[in-house]
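# Architecture and fold: a report
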Amino acid sequence: MTTPLLSRFQPMLGFWRGPNELETGRRGLMEMHFQSHFEGEVVQLDAHTWDIATGETFSAGTGLFALGPDGRIIENLYVERFGFCRLDETEDEPDVLALRGDLPDGFTMSVSLRLEADELLLTSQLKSGVVGMDLPRTVARLRRYDRQRGEGAK
Amino acid sequence: MSRRVADYLSWVGVWAGVGDTQAGQQTAIRTDFVAGLDGTSLQMHFEAWDTEFKTLYHGVRAVLAPAPSGVLRALGYSTIHGPLILELTPDDEGVMALAGDSRANNHLSVTFVQDAPGELLFTAFWRSADKSAQAEDGPRMTCRLKPATPWSPPRA
Amino acid sequence: MPTRLIKRFGDWLGTWRGTCEFSDGRAGLMQFRLTSVFNGEAIQVDTASYIPESGAPMTRGSGFFSLDRQGRVVNNIYADYLGFAVLVETPDDPEVLSLEGGLPGNMTLTVTMSVANDLMTLSSRVGEGYKSAPGRPRTYTQMKRVGPIQRPKGDAP
């Protein structure tokens, strides 16, 4: 059985991993895990980024995606670096999930997710509202590793 | 017919129901299937309680995964039998039939059958090593499990 | 009241990550997650190693620690490149957990684990038959606990 929410997220469910660069310029390896709960009423995203050399985690967050009364996606998000916020779906191309919301410190966060073949492209940006204070856009290109033995496997 | 982990990933989620233990008591069962090891394994958390949720009759955690040869087995821990490795026996689509011996030589059999959409028939039994002659049709734990569906208000 | 298992391994619970060198010389990033299950009756161990730059999986595995009647650790394990095995504790120093068990094909797996100063050290070796040859290369990893994120000044936006 599918729900309107699951019909949007079904291709993303599972485990994804790939290089990520934060707005600070720090590079790492990002892992994302999408899973649905309560018969597809909510989709949970757990994301971590760790240092490639040491394995030390330097970014972590969890988001819960649900549908609002108008059929648009709402994400309740916790990111360790920013705290709690709510992102609302904004208009974009049909194959893009774009979300935007306000952070506690006055920044606005915009996030976009696009699935291209077996690659998930995640970008995010923090904007301050003050000209010239926008932070660089972060980009993560993630591949799913749950449909095959990875190329590194013996 | 040999099966793959992917054949069972549609079971991911929480399933629950009320059934009977092998000893004949009523039991409330909750089992949670989760994709593990990057989705290449199916992790299972199984609990059988008395219907007032005061006593955990039996708890099992297990990981169904492919051996390098491709055959599926389940690694497990049972609150009754301790560490386990169970073989997945070939069966029809929609059936997960696991069997094996505990370290104390108790024989265990666990089966989930998806006999209708949104319904799993769970059956399990174990017999001690000194009762090897006991017939396979002896008492067993049985329960019809349904996906834990959120309550919604009745529609007029 | 913690179980005997938790009294001994409670400090090991959590997530650990660090560099790993496999017996064939490849380097990777190893992750261990130890979770108490059924009120400390068993500890579930989930492991994964990745190619550090891409995240492509190298190995994956799971296992359960429990105690037998003699108080020895029994570790039934699954690893995608080894298959299934039951390892039993062998005598070693008190702070070290040494395990050994048979693998398919007349092979023996030995594993040694210890935690000191929040650093988990793990080495394992697959040997042939009943006499595991001491000269064979080992897989060796040292992992730090993945704890609360320590953010240097100026790192946060």
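Everything that follows concerns the structure shown earlier in this document.
### Focus on the overall build of chain C
From N to C terminus, chain C includes one helix and ten strands. By residue count, 52% of the 157 residues in chain C fall in the buried class. For chain C, restricting intrachain contacts to residue pairs at least 6 apart in sequence, the fraction spanning at least 24 positions comes to 32%. When the accessible area of chain C is evaluated, it comes to approximately 7,400 Å², of which 52% is carbon and sulfur surface.

### Quick notes on the overall build of chain A
Counting its secondary structure elements, chain A contains one helix and ten strands. Secondary structure of chain A in N-to-C order comes out as α-β-β-β-β-β-β-β-β-β-β. Relative to the globule expectation of 15 Å for 154 residues, the C-alpha radius of gyration of chain A, 16 Å, shows essentially globular dimensions. Projected onto the principal axes, the alpha-carbon positions of chain A cover approximately 50 × 45 × 25 Å.

### Quick word on the pairing of strand β8 (residues 107-116) of chain C
Residue and element names in this part refer to chain C. In this structure, strand β7 (residues 96-103) lies alongside β8, joined through eight bridges in antiparallel fashion. Looking across to β8, one finds that V96 is bridged to S114. Here β7 folds back onto β8 in antiparallel fashion, the turn holding three residues, of which G105 has a positive phi close to 85 degrees. Across ten bridges, β8 lies against strand β9 (residues 119-128) in antiparallel orientation. The residue bridging T108 from the neighbouring strand is G127, located in β9. Connecting β8 to the antiparallel partner β9 that follows it, the hairpin turn spans two residues, and N117 within it adopts a positive phi of roughly 50 degrees.

### A closer look at the nonpolar core
Of all hydrophobic cores here, the largest spans 31 residues; its most connected members are F9, M32, F34, V43, F65, M109 and L113 of chain A. Those residues in contact with F9 of chain A that lie beyond four places of it in its chain are F34, V43, F65, I73 and L97 of chain A.

### What to know about the interface of chain B and chain C
A common measure of how large an interface is: the accessible area buried when the components associate. Between chain B and chain C, the contact holds 27 residues from the first and 28 residues from the second. For the pair chain B and chain C, the summed buried area comes to about 2,100 Å², and 68% of that belongs to carbon and sulfur atoms. Linking chain B to chain C there are one salt bridge. With a closest N to O distance of 3.3 Å, D38 of chain B and R60 of chain C form a salt bridge. Inspection of the region where chain B meets chain C yields eight residue pairs in polar contact (both at pLDDT 80 or more). Within the residue set of the side of chain B that touches chain C, elements represented by two or more residues are β3 (41-49), β4 (56-66), β5 (72-78) and β6 (82-88) of chain B. In terms of residues, the side of chain B that touches chain C owes the most to one element, β4 of chain B, which gives eight residues. Its residues assigned to classes, the side of chain B that touches chain C comprises 16 nonpolar, six polar and five charged.

### Topic: the pattern of salt bridges
In total, this model carries 23 salt bridges over all chains according to the counting rule given. Across the pair E52 of chain B and K54 of chain B runs a salt bridge, and its minimum N-O distance is 3.5 Å. What you see here is one network of salt bridges that share partners, running through R17 and E31 of chain A, D38 of chain B together with R60 of chain C.

### What about the pairing of strand β1 (residues 14-21) of chain A?
Two faces, one strand: in a regular strand the side chains alternate between the faces of the sheet. All names here are of chain A. With respect to burial, β1 is a largely interior element, six of its eight residues being buried. Direction of pairing for β1 relative to strand β2 (residues 27-37): antiparallel, over a ladder of eight bridges. Residue W16 lies in a different strand from β2, and its bridge partner there is M32. Connecting the antiparallel pair β1 and β2 is a turn made up of five residues, with G25 showing a positive phi of about 95 degrees.

### Some thoughts on the packing of aromatic side chains
One pair of aromatic rings is described through two measures. These are the centre distance and the angle between the planes. According to the stated counting rule, one finds 15 aromatic pairs over all chains in the structure shown. Relative to F34 of chain A, the ring of F9 of chain A lies with its centre 6.3 Å away and its plane at 40 degrees, an arrangement referred to as tilted. Placement of F9 of chain A in helix α1 (residues 4-9) and of F34 of chain A in strand β2 is noted, with a sequence separation of 25 residues between them. Where W50 of chain A meets Y50 of chain C, the ring centres are 5.6 Å apart and the plane angle is 20 degrees; that geometry is what we call stacked. A residue pair is termed interchain when its members come from two chains, as with W50 of chain A in strand β3 (residues 42-50) and Y50 of chain C in strand β3 (residues 42-50). For the residue pair W50 of chain A and Y50 of chain C, the accessibility class agrees, reading buried in each case.

The rules behind these values
- Once a new chain begins, its residue numbering starts again from 1 and follows that chain's sequence as written.
- Each chain takes a letter, starting from A, and each ligand takes a number, starting from 1, following the order in which they are written.
- Reporting in this predicted model follows two pLDDT cut-offs: at least 70 for local features of residues, and 80 or more for side-chain atom pairs to be given and counted; totals over whole chains, interfaces and linings ignore these cut-offs and use all residues.
- In computing side-chain properties, one takes all heavy atoms of the structure into account and sets aside hydrogens as well as water.
- Numbering of helices and strands runs from the N terminus; a helix is a DSSP stretch of H or I covering at least four residues, while a strand is a stretch of E covering at least two.
- Relative accessibility thresholds used throughout: buried, under 20% of the residue-type maximum; exposed, over 50%; partly exposed, between the two (1.4 Å probe, protein chains only).
- Should any heavy atoms of two residues lie within 4.5 Å, those residues are counted as being in contact.
- Areas reported as accessible are Shrake-Rupley estimates using a 1.4 Å probe. Residue values count occlusion only from the protein chains shown.
- This radius of gyration counts C-alpha atoms alone. The globule rule is 2.2 Å times how many residues there are, raised to the power 0.38.
- By this definition, two strands are paired if DSSP reports at least two bridges between them.
- Residues belong to a common nonpolar core when they are buried Ala, Val, Leu, Ile, Met, Phe, Trp, Tyr or Cys residues joined through side-chain atoms within 4.5 Å.
- Buried area: the accessible area, evaluated with a 1.4 Å probe, that two parts lose upon being put together, summed over both parts.
- We count a salt bridge whenever a side-chain nitrogen from Lys or Arg sits within 4 Å of a carboxyl oxygen from Asp or Glu.
- Here a polar contact is taken to be a pair of N or O atoms separated by no more than 3.5 Å, where protein atoms must pair a possible hydrogen donor with a possible acceptor and residues adjacent in sequence count only if both atoms sit in side chains.
- Gly counts as polar in this scheme, as do all residues outside two lists: the nonpolar Ala, Val, Leu, Ile, Met, Phe, Trp, Tyr, Cys and Pro, and the charged Asp, Glu, Lys and Arg.
- For Phe, Tyr and Trp, where Trp contributes only its six-membered ring, two rings pair if their centres lie within 6.5 Å, and the inter-plane angle classes them as stacked under 30 degrees, edge-to-face over 60, or tilted in between.

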